[in-house]
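Structural characterization, general
The residues making up each chain are set out below.
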Amino acid sequence: MKVTTTVIVGAGHSGLAMSRHLADRSIDHVLLERGEVANSWATERWDSLRLLTPNWQSRLPGFAYDGRDPDGYMQMSEVVGYLRRYAELSRAPVQTSTRVVRVVKTDAGYEVTTDQGLWRCKALVIASGACNIASVPKLADGLPASIASLTPMDYRNPSLLPDGGVMIVGASATGVQLASEIQATGRQVVLSTGEHVRVPRVYRGRDIKWWMDVIGAMDLRYDEVDDLKRARNLPSLQLVGTPERRSIDLNGLRESGVEIIGRLVGLQGGKAQFSGALANQCALADLKMNRLLTSIDMWVTESGQGGSFEAACRYPPTDIGTNARLSLEFAGNGIRTVIWATGYRPDYSWLDVPVFDRKGRIVHDGGVVNVPGLYVLGLPFLRRRKSSFIDGAGDDAADLAGRLSQDLDRAAA
Amino acid sequence: MTTTNDANTAKVNNGVNVDALLGAREALEQTPEAAQFKWRATCDWVNGTHSRSVIGGFFGLGAEQGRDQSFTVEADHPKQFAAEDLAPTPVELVLSGLASCLTGGIAAVAQRRGIQLHSVKATVEADMDLQGILGIDEDVRNGFSAVRVHFDIKADASQDDIKALVAQSQKRSAVFDIITSPTNVYVTVN
């Protein structure tokens, strides 16, 4: 059995940021990583995916992008290289190929069982990510066996799909990106669309992520937000990282031939049913986008820097036509594949400590779990809007390393 | 990015007790069993297509809930349907239910967002192809092929904030969901 003060589960951007802050505080620790550094980025993403945030915005404690294309978007291989370089520069104590299989609470802290032996620690930081498992709704059980059923974690590129049409369920970043690239190969895509968040890639000449950063939206804290539960459950922004910095939205997808339909609400006997609330979902997204653009315009006006940016503008409302389909028979319409772009959730099957709510989520206050010495990082809006982004790992890790250090001191006193 | 403002909320009066509603939400979040409600109605045939429903108690908050009075809702069909037109048709009652649900929601959301309403008027229209219910064409459904709701709202708010009220009300409306999504219906006899 090995002993350390703090075990960090996962060596992705969150775990590495925490490691850096613990090292700065001389807190003895180890990162247990089931694969290699940046494992999920390396093995669980589709081929064309690039980060949704520009390169300069992958700031980590003591580390930043220094390449030639600060406004570009990293491909997954670049993300992996970037994080591995960070791990090396930080001399992060990573134990690779070490899968945590069970964690239990002991009187003195935690006992961590891995496939490479046992660890004992006083504090445990969960940095294993928010996207370990693709969430698929219960009604997927009604899908006929003749239809291929994939999640974004199985999907790699259009050429590996069965011939024929594709229904994509969910219109977050994942859903719209997959719809776009699959439709571009000449297949028919239908995109089932519920609540979604529409934003332009570039506004007034600057990346929307730059704007959200400068106006302070990314730094909004979890204890300042009006409805935290809702903020934590929002789907990802409809964005894609491309060299052309193009926007992706339902209007553009529809022009390219994608059929936009309502939220999937029933699946039975080879036939899908969709909600009639699509028009309102689109209206909500348009209104929300315009509120963001208005807050950007107000920031520009107040900053007195209006001359430095392109003129304000507004985009055409989402036009989904007047006759959105309410049902779809797969066989008759040539649909051979369904892709569930319905979100992701963390895998805590290894955590044998009673810290979950009735939906299986860890109950925490800004990453501090209500069991002494247990902390979690990298979940949506954990402490700030940017918490689940690479750029947000540093500030959260700094806060939680401070708290962890205090808690250790108190326990020792 | 929200319009909620405690100072505003205090001055605004749309006749909605937002504090009580928020308190209820918080309480029901802790006790999901208490959030399980059952709504009920009974309906007696009177004559022809004329019927009379009585709506009284319901189940919720873990117990049977009584009311100070029960309500009567009648339904019939117009003379063009060879009926006596003693009351609205059931489909018109559905439209009324939708409009009432959305309108009530608008008041609640406006109160929460600190927006004073002066008037709210909903106009609802629904399309129906009678070839469905008459069994003339098997490809035509019985129900509405489309429903349109128009709101005229006067309020102390920008046009976009008013639109956002209406959108949010749809998002949280029971009748809007009942109409836009399928529901299993089980009918038994004796």
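This text goes with the structure placed above it.
Residues numbered from 1 in each chain as written. Chains lettered and ligands numbered in written order. Predicted model: local features only at pLDDT ≥ 70, side-chain atom pairs only at ≥ 80, totals over all residues. Heavy atoms only, no water.

1. Looking at the side chain of A:Ser135
Mapped onto the fold, A:Ser135 is located in the loop between β9 (133-134) and β10 (148-150). Contact partners of A:Ser135, with chain neighbours within four places excluded, come to A:Thr342, A:Gly343, A:Tyr344 and A:Arg345. (Helix = DSSP H or I, 4+ residues; strand = E, 2+ residues; numbered from the N terminus. Contact = heavy atoms within 4.5 Å.)

2. Focus: the state of the cysteines
All names here are of chain A. Summed over the entire model, instances satisfying the criterion amount to 0 disulfides over all chains. Left without a disulfide partner, Cys-313 is nearest to the cysteine sulfur of Cys-282, which lies 19 Å away. Judged by its relative accessible area of 32%, Cys-313 falls in the partly exposed class. (Disulfide = S-S within 2.5 Å. Buried < 20%, exposed > 50% of the residue type's maximum accessible area, 1.4 Å probe, protein only.)

3. What about the sheet that holds strand β1 (residues 2-3) of chain A?
Residue and element names in this part refer to chain A. Judged by pairing direction, the sheet is mixed, and its 4 strands sit side by side in the order β1-β7-β6-β5 without closing on themselves. With partners counted over all chains shown, the strands left at the sheet margins are β1 and β5 (100-105), one partner each. Strand direction decides the pairing type here: β1 and strand β7 (residues 117-121), joined by 2 bridges, are parallel. Paired with Lys-2 across the two strands is Trp-119, which belongs to β7. (Pairing = 2+ DSSP bridges.)

4. Here's the deal with the interface of chain A and chain B
Residue-level contacts link 21 residues of chain A with 19 residues of chain B. Each partner contributes to the roughly 1600 Å² buried at the junction of chain A and chain B, and carbon and sulfur atoms together form 53% of this total. Of all residues in chain A, A:Asp226, A:Asn280 and A:Leu287 give up the largest surface area on contact with chain B, accounting jointly for 30% of the area buried on that side. With a closest N to O distance of 3.3 Å, A:Glu195 and B:Lys171 form a salt bridge. Between the two partners, chain A and chain B, sit 5 residue pairs in polar contact (both at pLDDT 80 or more). Among the elements of the structure, α6 (228-233), β19 (271-274) and α8 (278-303) of chain A are those that each provide at least two residues to the side of chain A that touches chain B. Of the residues forming the side of chain A that touches chain B, the biggest block, 7 residues, is contributed by α8(A). Considering only residue class, the side of chain A that touches chain B consists of 7 nonpolar, 6 polar and 8 charged. (Buried area = accessible area lost by both parts, 1.4 Å probe. Salt bridge = Lys/Arg side-chain N within 4 Å of Asp/Glu carboxyl O. Polar contact = N/O pair within 3.5 Å; in protein donor to acceptor, adjacent residues only side chain to side chain. Nonpolar A, V, L, I, M, F, W, Y, C, P; charged D, E, K, R; others polar.)

5. A closer look at the packing of aromatic side chains
All names here are of chain A. Counted according to the given criterion, the structure contains 11 aromatic pairs over all chains. Ring geometry for Tyr-348 and Phe-356: centres 5.8 Å apart, planes at 35°, overall tilted. Aromatic ring contacts, followed pair by pair, group Trp-210, Trp-211, Trp-299 and Phe-309 into a single cluster. If you follow Arg-45 out to its NZ or CZ, it ends over the ring of Trp-41, 5.2 Å from the centre. Sitting over the ring of Trp-210, Arg-206 keeps its end group 3.9 Å from the ring centre. (Phe/Tyr/Trp six-rings, centres within 6.5 Å; stacked < 30°, edge-to-face > 60°. Lys NZ or Arg CZ within 6 Å of the ring centre and 35° of its normal.)

By themselves, these observations are geometric and do not establish any function.
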